[in-house]
Amino acid sequence: MMTPTPLMDLVTGFWSFKTFAAAVELDLFSRLAGGRTLTVADAEHELGLPERPADLLLTACASLGLLERAGEGYRNSPLAEEFLVRGRPYYFGGQVSYCDRRTYLPWHRVGEALRADKPLTWDPASQDSMFATADPQLLATFWEAMHSTSIFTARALGEAVDLGAYRRLLDVGGGSGAYPIELCGRFPGLSATVLDLPHVCELAVGKIAAAGLSERVATAPGDFLRDALPGGHDVVLLSMILHDWDAATNRELLAKAYAALPAGGLVIISELLLDADRTGPAPAALMGMNMLVETEGGRNYSDAEYAEWLTGAGFADIRTVRFDAPGANGVVLGRKP
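Description of the structure in this document.

For the coordinates displayed, the defined rule picks out eight aromatic pairs. Aromatic pair Y301 and Y306: ring centres 5.8 Å apart, planes at 65 degrees, arrangement edge-to-face. This pair shows no difference in class: Y301 is buried, exactly as Y306 is. Among the aromatic residues, those joined into a cluster by ring pairs are F83, Y90 and F152. The ring of Y104 carries K18 above its face, with NZ or CZ at 4.6 Å from the centroid. Just above the ring of Y74 sits the side chain of R69; from NZ or CZ to the centre is 4.6 Å.

Take unusual backbone geometry next. Cis geometry is found at the peptide bond from G280 to P281, where omega equals -5 degrees. Here P281 is to be found in the loop between β7 (266-271) and α13 (282-294). Phi at D27 is positive, roughly 55 degrees, even though this residue is not glycine. Tracing the sequence through the fold places D27 in the loop between α2 (13-25) and α3 (28-31). Phi at R278 takes a positive value of approximately 60 degrees, unusual for a residue other than glycine.

The rules behind the values
- Residues numbered from 1 in each chain as written.
- Predicted model: local features only at pLDDT ≥ 70, side-chain atom pairs only at ≥ 80, totals over all residues.
- Heavy atoms only, no water.
- Phe/Tyr/Trp six-rings, centres within 6.5 Å; stacked < 30°, edge-to-face > 60°.
- Buried < 20%, exposed > 50% of the residue type's maximum accessible area, 1.4 Å probe, protein only.
- Lys NZ or Arg CZ within 6 Å of the ring centre and 35° of its normal.
- Helix = DSSP H or I, 4+ residues; strand = E, 2+ residues; numbered from the N terminus.

Function cannot be inferred from these measures alone, as they are strictly geometric.
See below:
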């Protein structure tokens, strides 16, 4: 018999997120690193919570698969131990904090965004883009979120696509340098350049140095929307970039990538790709809704659309490679003849 239970799951989805975000804010999972067990009484003392909230939080996190029961207490699940302990290579807490602080409340007004077709997290009348903000704390939260999403996505890309034959990668809008850090760590013959706005490159320099890759990963301050892409690279990576812009802007970016690459050069589009019939998958479709909330003109596209644009720019041997990661479900590749 059909029931409305799936609808109830949709209705209460925010309960799960806000429980998860509260636990990350309290740094619960870092406290349990290494197999430590926490009882309700321990949580009262360490988290500064009364008994009832402490019990409810631990129970809820266990129900979400973030904690496991261990005797009288709780310990991290393997998922939490791998991705929610601060300082671990693929720490995902930055993404949780960003969505909680930056996008959660604006999403309450998504109906307004649907009617007006304007972003809710910034004002196009006074800012050039969502990235042009004077709030350094917000910028730090944003780039930490992007890093935590990108670092594991880069690992999935490196496992799915062999870049061993290439020598220098240009990461367009590369942010904190997560992709070059991961890919250069995986492919010893690869070096890279992060192209981004000057204040973002400053952040990337620190992340790159912390990874011990300053000799192989450089930064190039610039604006990829206004300027030509620098040459000297045989791979151009566009990771979680094209969903921020409209089709015309994306065609221009792909034309710039073509101009910057030598013959035989590779372009990589890494995104949450829509199916050609535009019925899903849900992560890509809902990211498109988030682009409505956060960008002016951005949306998620299908690999068929990217293939059409790549062909129009002159690329050949276009193919899609699928994988599972938080920032992308695959890549679309094209080669310059």
